[in-house]
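Chains, contacts and geometry: an overview
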Amino acid sequence: MAITLSVEAQKPIPPAVHADPAGALTVYRDNLTRLRREHTALRELPNLPFFLFGMGDRLKLIYRNGRLINALTGNIEEQWRVKEEIIVPSEYLVHLVLTDGQQIQIRENESGVWLLQPPRKPKLIPGTRSQLNLPGFAKQPWGPILRVLHQEVLINVIHGRPVPNFLVYLKPWYRDAAVMAMVLRETHNLSLIQDWIMAINKPFDRNNHGIPEVDNLGQVLFLVSLVSDKKHPVVQAVLDSAGRFRRGSYVAGQTDDAEHPVYQTKWLKYGLKSLDLPDPYNIPNQYDSYSSLFWWAYRNEHVAGPEFDKKIAINSPYYVWADDHFSNQKHGVVGTVDYPLSWQQHDSDAHYPGMTVLEKDLAKQKLAFTHAWHAAEMFLLLHVP
């Protein structure tokens, strides 16, 4: 299945100047307030007024304190003397009133990131021209929140690769990428990572201390199914590797430093099904703490047991949001700030000094803003098909 998207052929169209940023922010905050009433577990987060621009393969930019900064180099691309700022995450918008009374809007749309300063002609920021699909989710009950969660997934696609957080992770993780891909499929943005998927040539990402994590097998097959077929070169390598980890009728091995045979076998079966490949495996009838992370299929093949503890819910909230999707509960933690809606803290494999470009205290706290898997799990739970 080939996916094509002509970027340069489409003329970039600037967004309109938003007439009521304060009103749009109120609507978004009202949506967040309602979410926090339904999902009552809250996490106090540092209130750092900022916004990330550069979804997909665009130049990554940070707006903070009157400056527009290149997120990867720290170079100041633009700066202003600001009297007032309004950041509206759901509109991908920063509205500035300057000390001399001028008004400027930085706004991202389907064709790029723009500086709007009427009566001047809209300026497309260099390095940000590309075509994306950015649904408004107008008919969705959580529409404004879904727009932000979608942005937090797209912002972590860099150089065509889906990463958990582009500031602290250098490489994609197959597990995170698979869940991100579910969002990209839903919003018709799979073309952003098509080339990366086509280039996958190893059945394991080996990002966790070099260990071959068995859930990767099914994730690779699923990812391949989104853009190709069973003839993809990596498929046979996955099938060969599955045989090495087979135990009777299921597979088992390491994932996050423990065995999770139910979760791992579910992923493998789903990957095989996605490519219409023979499936000789059966999901073992035993407790597996990761079983509920796999909420979209094989729901009956599950043995109940202890839930994720509060520390995991706070530091790695994607686990609990996935578990909520499976169990129809509302234990997933929601942050106390407008933006971002996703985060991750104290991961041994993250390079937190990368957060210094945003705020040095985040690096000290080992706290990453944003996190694509977290954003994707929230999106997939709150989105109404």
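The sections below set out a description of the structure shown in this document. What you see is a predicted model, and the numbers here were worked out from it, not measured in a lab.

Time to look at a positive patch on the surface. Together, Lys171, Lys202, Arg206 and Arg244 make up a region of like positive charge exposed at the surface. The topology assignment puts Arg244 in helix α6 (residues 234-244).

This next bit is on the pattern of salt bridges. A side chain with one charge may pair with a side chain of the opposite charge, provided their charged atoms come close. Inspection of every chain in the model, using the stated rule, returns eleven salt bridges. In this structure, Arg29 and Asp338 form a salt bridge, with 2.8 Å as the shortest nitrogen-oxygen distance. One end of the pair, Arg29, is in helix α1 (residues 21-38); the other, Asp338, is in the loop between β17 (334-335) and β18 (344-345), with 309 residues separating them in the sequence. The closest approach of N and O atoms between Arg147 and Glu91, which form a salt bridge, is 3.8 Å. In this pair, Arg147 is assigned in helix α2 (residues 143-154) and Glu91 in the loop between β6 (82-88) and β7 (93-98), connecting sequence segments 56 residues apart.

It is worth spelling out the layout of surface pockets at this point. A volume near 400 Å³ is recorded for the largest pocket. Residue lining of the largest pocket: 23 residues in total, with Asp256, Ser316, Tyr318, Tyr319 and Asp347 positioned closest to the centre. Of all the secondary structure elements, the ones that give two or more residues to the lining of the largest pocket are α3 (174-186), α8 (310-315), α9 (318-327) and β18. For the lining of the largest pocket, the element with the highest residue contribution is α8, accounting for three residues. In terms of residue class, the lining of the largest pocket is made up of seven nonpolar, nine polar and seven charged.

A few words now on α1. Side chains of residues three or four places apart in an α-helix project in the same direction, reflecting 3.6 residues per turn. Here α1 is 18 residues long and its end C-alpha atoms lie 26 Å apart, about the 26 Å a rise of 1.5 Å per residue gives. All of the buried residues along α1 are Pro21, Ala24, Leu25, Tyr28, Asn31, Leu32, Leu35 and Arg36. In a view along the axis of α1, the buried residues occupy a sector of 140 degrees, so they form one face of it.

Here we come to the pairing of strand β8 (residues 103-109). Of all the seven residues making up β8, six are buried; the element is thus mostly covered by neighbouring parts of the structure. Here five bridges tie β7 to β8, and the two strands are oriented antiparallel to one another. In the strand pairing of β8, Val97 is matched with Gln103. Counted between consecutive antiparallel strands, the loop separating β7 from β8 contains four residues, among which Gly101 sits at a positive phi close to 95 degrees. By the bridge criterion, five bridges tie β8 to strand β9 (residues 112-116) in an arrangement that is antiparallel.

Here the focus is the sheet that holds strand β3 (residues 61-64). Pairing is antiparallel in the open sheet, where four strands are placed in the order β2-β3-β4-β5. Each edge of the sheet is formed by a strand with only one pairing partner; in this case those strands are β2 (50-53) and β5 (76-79). For this sheet the average axis-to-axis angle between neighbouring strands, irrespective of direction, equals 20 degrees. Here four bridges tie β2 to β3, and the two strands are oriented antiparallel to one another. Opposite Phe53, over in β3, you have Leu61 as the bridge partner.

The next thing to look at is the packing of aromatic side chains. Here the structure, examined in full by the defined rule, presents 25 aromatic pairs. An angle of 70 degrees between the planes, with centres 5.5 Å apart, marks the rings of Tyr319 and Trp373 as edge-to-face. Placement of Tyr319 in helix α9 and of Trp373 in helix α11 (residues 372-382) is noted, with a sequence separation of 54 residues between them. The burial state of Tyr319 is the same as that of Trp373; both residues are buried. Here the aromatic cluster, defined as three or more aromatic residues joined through ring pairs, consists of Phe222, Trp267, Tyr270, Phe294, Trp295, Trp296 and Tyr298. Between the NZ or CZ atom of Lys60 and the centre of the ring of Phe166, over which it lies, the distance is 5.6 Å. Of note, Arg246 hangs over the ring of Tyr281, and the distance from its end group to the ring centre comes to 4.9 Å.

A few words on the sheet that holds β9. On the basis of which strands lie adjacent, the open sheet formed by five strands has the order β6-β7-β8-β9-β10 and antiparallel pairing. Here the strands that pair on one side only, and so sit at the sheet edges, are β6 and β10 (123-124). Strands in contact with α1 are β6, β7 and β8; relative to β6, the strand with the most contacts, it is inclined by about 40 degrees.

This part takes up α9. Of all ten residues in α9, nine are buried; the element is thus mostly enclosed. Buried within α9 are the following residues: Tyr318, Tyr319, Val320, Trp321, Ala322, Asp323, Asp324, His325 and Phe326. Buried residues in α9 make contact with α3, α8, β17, β18 and α11. Once α9 finishes, Asn328 follows within two positions and takes phi at roughly 60 degrees, a positive value.

As a further point, take the pairing of strand β4 (residues 67-70). Look at any regular strand and the pattern is simple: side chains alternate between the two faces of the sheet. In this structure, β3 lies alongside β4, joined through four bridges in antiparallel fashion. Each bridged residue has a counterpart across the sheet, and for Tyr63 the counterpart in β4 is Leu68. Hairpin geometry of β3 and β4 is characterised by an intervening segment of two residues between the two adjacent antiparallel strands and by a positive phi of about 50 degrees at Asn65. In this structure, β4 lies alongside β5, joined through three bridges in antiparallel fashion. Across the sheet, residue Arg67 finds its bridge partner in β5, namely Gln79. Count of turn residues in the β4/β5 antiparallel hairpin: five residues, of which Gly74 carries a positive phi of about 85 degrees.

What counts and what doesn't
- Residues numbered from 1 in each chain as written.
- Predicted model: local features only at pLDDT ≥ 70, side-chain atom pairs only at ≥ 80, totals over all residues.
- Heavy atoms only, no water.
- Patch = residues over 30% accessible without salt bridge, like charges linked within 9 Å, V, L, I, M, F, W, Y side chains within 5 Å.
- Areas by Shrake-Rupley, 256 points an atom, 1.4 Å probe, with all protein chains shown as cover.
- Salt bridge = Lys/Arg side-chain N within 4 Å of Asp/Glu carboxyl O.
- Lys, Arg positive; Asp, Glu negative; His and termini not counted.
- Charge placed at Lys NZ, Arg CZ, Asp CG, Glu CD.
- Helix = DSSP H or I, 4+ residues; strand = E, 2+ residues; numbered from the N terminus.
- 1 Å grid on protein atoms, 1.4 Å probe; cavity = no way out; pocket = protein on both sides within 12 Å on 5 of 7 lines; lining within 4 Å.
- Points joined across faces, edges and corners; volume = space filled by probe spheres on them.
- Nonpolar A, V, L, I, M, F, W, Y, C, P; charged D, E, K, R; others polar.
- Expected span 1.5 Å × (residues − 1).
- Buried < 20%, exposed > 50% of the residue type's maximum accessible area, 1.4 Å probe, protein only.
- Arc of directions from axis to C-beta.
- Pairing = 2+ DSSP bridges.
- Axes fitted to C-alpha atoms, helices over the stretch in contact; angles between N-to-C directions.
- Phe/Tyr/Trp six-rings, centres within 6.5 Å; stacked < 30°, edge-to-face > 60°.
- Lys NZ or Arg CZ within 6 Å of the ring centre and 35° of its normal.
- Contact = heavy atoms within 4.5 Å.

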